[in-house]
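Fold and contact review
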Amino acid sequence: MQTRSSRLVGLDQSPIRTMTRLCHEHGGINLGQGLCQMPTPPQVLAAACRAIEADYNAYSYPEGLTELRSLIAGKLRASNGIEADPVTQITVTAGTAAAFAATIHGLLDPGDGILLFEPYYGYHLAAAKVAGLQPEFLGLTAPDFVLDEEALRAAITPKTRAVVVCTPGNPSGRMLRRSELEALDRVAAEFDLLVITDEIYEEIRYDGREHISPATVGELGKRTVTLMGLSKTFAITGWRLGYAVAPAELSSAITLVHDLFYICAPTPLQHGVVAGFQLPASFFIEQREQYTARRAVLCDALDRVGLPAIRPEGAYYVLADVSRLGQSSSLAAAVELLERTGVASVPGSAFYQGSEGDQLVRLCFALPMDSIEEAAQRLGRL
Ligand code: GLN
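For the structure given in this document, a descriptive report is provided here. (Residues numbered from 1 in each chain as written. Predicted model: local features only at pLDDT ≥ 70, side-chain atom pairs only at ≥ 80, totals over all residues. Heavy atoms only, no water.)

Re the overall build of the protein chain
- Counting secondary structure elements, the protein chain contains 12 helices and 13 strands.
- Scaling as 2.2 N^0.38, a compact globule of 382 residues should have a C-alpha radius of gyration of about 21 Å, and the protein chain matches this with 20 Å.
- Taken along the three principal axes of its C-alpha coordinates, the protein chain extends 55 × 55 × 55 Å.
- Scored against the burial criterion, the 382 residues of the protein chain give a buried share of 58%.
- Surface summary for the protein chain: the accessible area is close to 15,600 Å², and the carbon and sulfur share equals 52%.
- The protein chain carries 32 positive and 43 negative side-chain charges, and their two centres are separated by 3 Å. (Helix = DSSP H or I, 4+ residues; strand = E, 2+ residues; numbered from the N terminus. Rg over C-alpha atoms; globule rule 2.2 N^0.38 Å. Buried < 20%, exposed > 50% of the residue type's maximum accessible area, 1.4 Å probe, protein only. Areas by Shrake-Rupley, 256 points an atom, 1.4 Å probe, with all protein chains shown as cover. Lys, Arg positive; Asp, Glu negative; His and termini not counted. Charge placed at Lys NZ, Arg CZ, Asp CG, Glu CD.)

Right under this line is the structure:
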């Protein structure tokens, strides 16, 4: 009997997960997986607990609680400049991963080309393969990761039907500029592409940088599925909550597949984040300050020990150059780093097809400050 579908050939568990297990075995500090060990707002915790106790424990609509979708529509208008009808254009999902899965299964066909910018988030690639899509790649060069219009145009093949945009980027931390998104608008229109964005890190950004939602640029809104997440925003990665926003004619397919795959996002937890959407703006400002301080401590430590950091513009990861360790692969470098310092990271090869990631590791700084300081000190053992 065949023990795996043919779509799984060559697929294995992500190094993001294997490094977590290895870290636990070493009793290390886990700067690998983006667990997000930041404080969850107490209002969100209390609202979820109240919902469980009040027995809001049954399924919600597949597209999510009506009240939550209204709040999301208000937030999209105020923070992102996106106008979306909460009834026909928003699906609350079981995490952004579910939003991505519902989108690619709902809107694309097996064999369709899907273009990813490299370095990519490995789960986008793996999920695309499981959906039977044909992944295609456009490399963005470190340390600037600039999207060039001609390079983008040249990367489109006769098969390409969709392009995935992750801004702020995981793992690069790059935030796409308006001019780059205008180029995307032109190329997407020329080739009639679906644009799928992953904006889960939208609230986490540095140096006063503004997040631009691709759907607000030019005519992109007509062809864009905007994916957002609440995991990072409210530090609830284990709750599995996100949402997809799209023109109504695309959104109905996303809601349908979300229902068929997941039934709905966890109901009492949706009640919890209703409270999150009512938090004052100061919550996000303080959260950004916390991340800014952690970014400084970790990046400075990496620079000091000769593992130069590519300082991110957004999100909570830093790519570090580990050439100094003299290893031939990023996995070997990540293992050496863990063995010598007790600090776990993710090998750069998790985010690249070719060799560009071989001298990089990704470190996450969404941890309590004392853990980041401890990690910074341990890196000194190098
Ligand atoms: N998005 C997070 C990361 O990049 C978590 C992924 C995961 O847990 N598998 O680390």
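Now that the structure has been shown, we can carry on.
As for the nonpolar core
- Residues Leu-31, Tyr-291, Leu-298, Leu-302, Leu-307, Tyr-316 and Leu-363 are the most contacted members of the largest nonpolar core, which totals 43 residues.
- Those elements that provide at least two residues to this core are helix H1 (15–26), helix H10 (281–304), strand E10 (317–321), helix H11 (330–341), strand E11 (343–344), strand E13 (360–364) and helix H12 (369–379).
- Residue contributions to this core peak at five residues, all from H10.
- In this structure Leu-307 touches Leu-302, Ala-320, Asp-321, Val-322, Arg-324, Leu-325, Leu-337 and Leu-382, once residues within four positions along its chain are discounted.
- The next biggest cluster of nonpolar side chains, apart from the first, holds 29 residues, and it includes Leu-152, Ile-156, Val-187 and Ile-310. (Core = buried A, V, L, I, M, F, W, Y, C linked by side-chain atoms within 4.5 Å. Contact = heavy atoms within 4.5 Å.)

Digging into the packing of helix H3 (residues 66–80) against helix H9 (residues 267–276)
- Put simply, H3 and H9 touch, their axes get as near as 9 Å, and they point 35° apart. Between H3 and H9 lies a crossing of left-handed hand. Together, Glu-67, Leu-68 and Leu-71 of H3 and Gln-270, Val-273 and Val-274 of H9 make up the contact between the two elements.
- Along the lines of polarity and charge, the residues of the contact of H3 with H9 split into four nonpolar, one polar and one charged. (Axes fitted to C-alpha atoms, helices over the stretch in contact; angles between N-to-C directions. Left-handed = near helix turned anticlockwise from the far one by under 90°. Nonpolar A, V, L, I, M, F, W, Y, C, P; charged D, E, K, R; others polar.)

Re the site of the ligand
- Around the ligand lies a shell formed by Ile-16, Gln-33, Gly-34, Tyr-121, Tyr-123, Asn-170, Tyr-201, Lys-232, Tyr-317 and Arg-362.
- The backbone of Gly-34 places a nitrogen or oxygen atom 2.7 Å from an oxygen atom of the ligand.
- Tyr-123 has a polar side-chain atom sitting 2.7 Å from a nitrogen atom of the ligand.
- Burial of the ligand by the surrounding chains reaches 88%, relative to a free accessible area of 290 Å².
- The class makeup of the residues in the shell around the ligand is five nonpolar, three polar and two charged. (Near = heavy atom within 4 Å. Polar contact = N/O pair within 3.5 Å; in protein donor to acceptor, adjacent residues only side chain to side chain.)

Structural notes on the packing of H1 against H11
- Viewed as axis vectors pointing N to C, H1 and H11 meet at an angle of 25°, and their least axial separation amounts to 10 Å. Taken together, the axes of H1 and H11 lie roughly parallel to each other. For the crossing formed where H1 meets H11, the hand is right-handed. Contacts between H1 and H11 involve Met-19, Leu-22, Cys-23 and His-26 on the former and, on the latter, Leu-331, Ala-334, Val-335, Leu-338 and Glu-339. (Parallel < 35°, antiparallel > 145°, perpendicular 65-115°, else oblique.)

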